[in-house]
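# Close look at the chain arrangement
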Amino acid sequence: MDKIVIRGGRTLNGSIQISGAKNAVLTLMPCALLTDEPLTLRNLPRLADVDTFGHLLNGHGVSTTIEGARGGEFGRVMTARANNISSTVAPYDIVRKMRASILVLGPLLAREGEATVSLPGGCAIGNRPIDLHLKALEALGAEIELAAGYVKATAPKGGLRGGRIDFPMVSVGATENALMAAVLAKGETVIENAAREPEIVDLCRCLVAMGAKIDGIGSERLTIHGVDRLHGATYAVMPDRIEAGSYACAAAITGGELELVGASLDDLGAIVASLREAGVEVEPTAKGIKVRRAGELRAINVTTQPYPGFPTDMQAQFMAMLTLAEGASLLTETIFENRYMHVPELSRMGADITVRGRSAVVKGVKSLVGAPVMATDLRASMSLVLAGLAANGETVVNRVYHLDRGYERLEEKLSAVGADIERVSDG
């Protein structure tokens, strides 16, 4: 199993190319199920999750080809074509690896009138529930049955029909599934309290490029006018705002200056506001944004919220950065109840963090010390890398397969801006 070895204490300077967004591309790929014509996605990141979703699509009869990865280039191109759907079943063996697999449910149901999808991650509907996904599809006339760990959805005779979906709480995944189902439903669908993340906007724009009719893009009220069919399209995946935010934290925690090529201030919103509050300079450039830390980091308070609030996917990285800030910071996690698993590992490196329920108090320390640590999930993994970049001595991050799910060529990008980092295989 691979591990990442970091010899910390180096200031990072230079430029990093931001890849296509993981959270966007995994939403755009299932759009291929909605048409029998080719869907071409540009700026495709090289990620384990993209490969896994590609295998899932192949199992449904979708042909996929990837080009443009020659010579160390970023931004590959994938073309997916679903001439015929050969299977409407998404099996446990694939779905258990990635929660985003649930996003084939809406497209399959809309096009084929039925879909059978394993409960994601092998989990029950308790934590990180999918009940909002199912209620949204029921509002479009679907019949839902849960049996033996699978969701079986069936459209009424004549296909899905437009309806009103009023989410009691904001759900990115449920909004995505509802959108993809509604574009082929008969009549008008209104989604109230829709998620407003940039990745949702990206999905809407891709669907519109395929012939969908959607009003209110970017707002909490989406109106979808169903069409009989969608056609193929070529669409560029948006830059990854979480990757950009993560490398912004890398500049901040090492006291360096990085230009994040392709990053957009508009997408980063609350992340940039919190960076500036912590004493980090963030400015737009012709190619993206520049991030620089001139003085000392300042303690801040951060609460995760649905967009346009501070994203839960940046909480762990900010926690790592704030371990070296002057004063005490308060981080409150309102999205997921178990997202502080990185705290014991950061504490092994000398961080002073106290968890109280859904809040964590981070008291800044003078320095961190390298140590062997273990990654528990994707964003927690990045927090340990960030801590290792700033720590004195050597940090060894184990279980780095988590990182490969969401960060393209991490060691290559960081090495190019001055980090002493390498991947080592135990085998």
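All residue numbers refer to positions counted from 1 along the written sequence of the respective chain. This being a predicted model, a pLDDT of at least 70 is required before a residue's local features are given, and a value of 80 or more before pairs of side-chain atoms are given or counted; all residues contribute to the totals for chains, interfaces and linings. The basis for every side-chain value is the complete set of heavy atoms in the structure, and neither hydrogens nor water enter the calculation.

Right, let's get into the sheet that holds strand 18 (residues 301-303). Two strands are counted as paired when DSSP detects at least two bridges linking them. Going along the chain from the N terminus, every DSSP run of H or I of four or more residues is numbered as a helix, and every run of E of two or more is numbered as a strand. If you trace the 4 strands from one edge of the open sheet to the other, you get 18-19-21-20, paired in mixed fashion. Each edge of the open sheet is held by one strand with a lone partner, namely strand 18 and strand 20 (352-356). Across the sheet, the axes of successive neighbouring strands diverge by a mean angle of 15°, strand direction being ignored. Pairing between strand 19 (residues 328-332) and strand 21 (residues 359-363): 5 bridges, direction antiparallel. If you follow L330 over to strand 21, its bridge partner there is V361. Note on definitions: a residue-residue contact is assigned when non-hydrogen atoms from the two residues lie within 4.5 Å. The axes used here are C-alpha line fits, helices contributing only the stretch in contact, and every angle between their N-to-C directions lies in the interval 0 to 180 degrees. Each of strand 18, strand 19, strand 20 and strand 21 is contacted by helix 10 (residues 315-322), which is oriented at about 170° to strand 19, the strand it contacts most.

In space, the 4 strands of this open sheet follow the order 2-15-17-16, with mixed pairing throughout. Of all strands in the sheet, those with a lone pairing partner are strand 2 (13-17) and strand 16 (280-284), marking the two edges. Averaged over all pairs of adjacent strands, the angle between their axes in this sheet comes to 20°, without regard to strand direction. In the packing of helix 8 (residues 241-254) onto the sheet, the strands contacted are strand 2, strand 15 (257-261), strand 16 and strand 17 (288-293), and the crossing angle to strand 17 comes to about 25°.

Our focus in this paragraph is the UniProt feature "binding site: UDP-N-acetyl-alpha-D-glucosamine" (unreviewed entry) in the protein chain. UniProt positions are given in the numbering used here, feature names are shortened, and annotations may be inferred rather than shown by experiment. According to UniProt, the positions carrying the feature "binding site: UDP-N-acetyl-alpha-D-glucosamine" (unreviewed entry) are R99, R128, P129, I130, D131, L132, D313 and I335. Structurally, R99 is set in the loop between helix 3 (92-95) and helix 4 (105-112). Looking at where D313 falls in the secondary structure, it is placed in the loop between strand 18 and helix 10. Judged by its relative accessible area of 16%, D313 is buried. Each residue touching D313, except ones within four places of it in the same chain, is listed here: N23, I242, R339 and R379. Buried, partly exposed and exposed residues are distinguished by accessible area as a fraction of the type maximum, computed with a 1.4 Å probe on protein chains only: under 20%, between the cut-offs, and over 50%, respectively.

Right, let's get into the packing of helix 4 against helix 6 (residues 172-182). For the pair helix 4 and helix 6, the least separation of the axes is 7 Å and the interaxial angle reads 15°. By the angle between their directions, the pair helix 4 and helix 6 is classed as roughly parallel. The handedness of the crossing between helix 4 and helix 6 comes out as right-handed. Side by side, helix 4 and helix 6 meet where L105, G106, P107 and A110 of the first sit next to N177, M180 and A181 of the second. Residues are sorted three ways: Asp, Glu, Lys and Arg are charged, Ala, Val, Leu, Ile, Met, Phe, Trp, Tyr, Cys and Pro are nonpolar, and all the rest, Gly among them, are polar. For the contact of helix 4 with helix 6, the per-class residue count stands at 5 nonpolar, 2 polar and no charged. Each angle gets one of four labels, with under 35 degrees taken as roughly parallel, over 145 as roughly antiparallel, 65 to 115 as roughly perpendicular, and the rest as oblique. Throughout, a crossing is termed right-handed when the near helix is turned clockwise from the far one, and left-handed when it is turned anticlockwise from it by less than a right angle.

Across soluble globular proteins, you tend to see nonpolar side chains buried next to one another. Here, the term nonpolar core denotes a set of buried Ala, Val, Leu, Ile, Met, Phe, Trp, Tyr and Cys residues that are joined through side-chain atoms within 4.5 Å. Of all hydrophobic cores here, the largest spans 79 residues; its most connected members are L179 and L207. It is helix 6 that provides the largest number of residues to this core, a total of 6 residues. Beyond its immediate stretch of four places on either side in the chain, L207 contacts C31, L34, L179, M180, V183, A212, I214 and L230. Within the second largest apolar cluster, 71 residues are counted, among which are A251, M314, L346 and A351.

Now for unusual backbone geometry. Note the cis peptide between Y307 and P308, where omega equals 15°. In this fold, P308 is placed in the loop between strand 18 and helix 10. Its identity is not glycine, yet A148 carries a phi of approximately 55°, on the positive side. Within the secondary structure layout, A148 lies in the loop between strand 8 (143-147) and strand 9 (150-154). A relative accessible area of 80% means that A148 is categorised as exposed. Residues other than glycine seldom take positive phi values, yet R409 does so here, at roughly 50°.

This brings us to the pairing of strand 11 (residues 188-192). Counting buried positions along strand 11 yields 4 of 5 residues, so the element is predominantly enclosed. Sheet analysis places strand 10 (residues 164-166) next to strand 11, joined by 3 bridges and oriented parallel. Along strand 11, the bridge assignment pairs I165 with I191. With its strands directed away from the observer, a crossover is right-handed exactly when the path from the first strand over the helix to the second travels clockwise. Note that the unit made of strand 10, helix 6 and strand 11 has a crossover that is right-handed. Sheet analysis places strand 11 next to strand 13 (residues 221-225), joined by 5 bridges and oriented antiparallel. In the strand pairing of strand 13, I191 is matched with L222.

Our next topic: the environment of M210. Summarising the element assignment, M210 is placed in the loop between helix 7 (198-209) and strand 12 (213-215). A residue is classified by how much of its surface remains accessible, and M210, at 0% relative accessible area, is buried. Setting aside anything within four residues of it in sequence, one finds M210 in contact with C31, T35, L39, L230, H231, G232 and A233.

This part is about helix 12 (residues 378-390). A large share of helix 12 lies buried, amounting to 13 of its 13 residues. We define a polar contact as two N or O atoms separated by no more than 3.5 Å, with the added condition that, inside protein, one atom must be a possible hydrogen donor and the other a possible acceptor, whereas residues neighbouring each other in sequence contribute only through side-chain atom pairs. Between the side-chain oxygen of the N-cap and the backbone nitrogen of R379 there are 3.3 Å, and the N-cap of helix 12 in question is D377.

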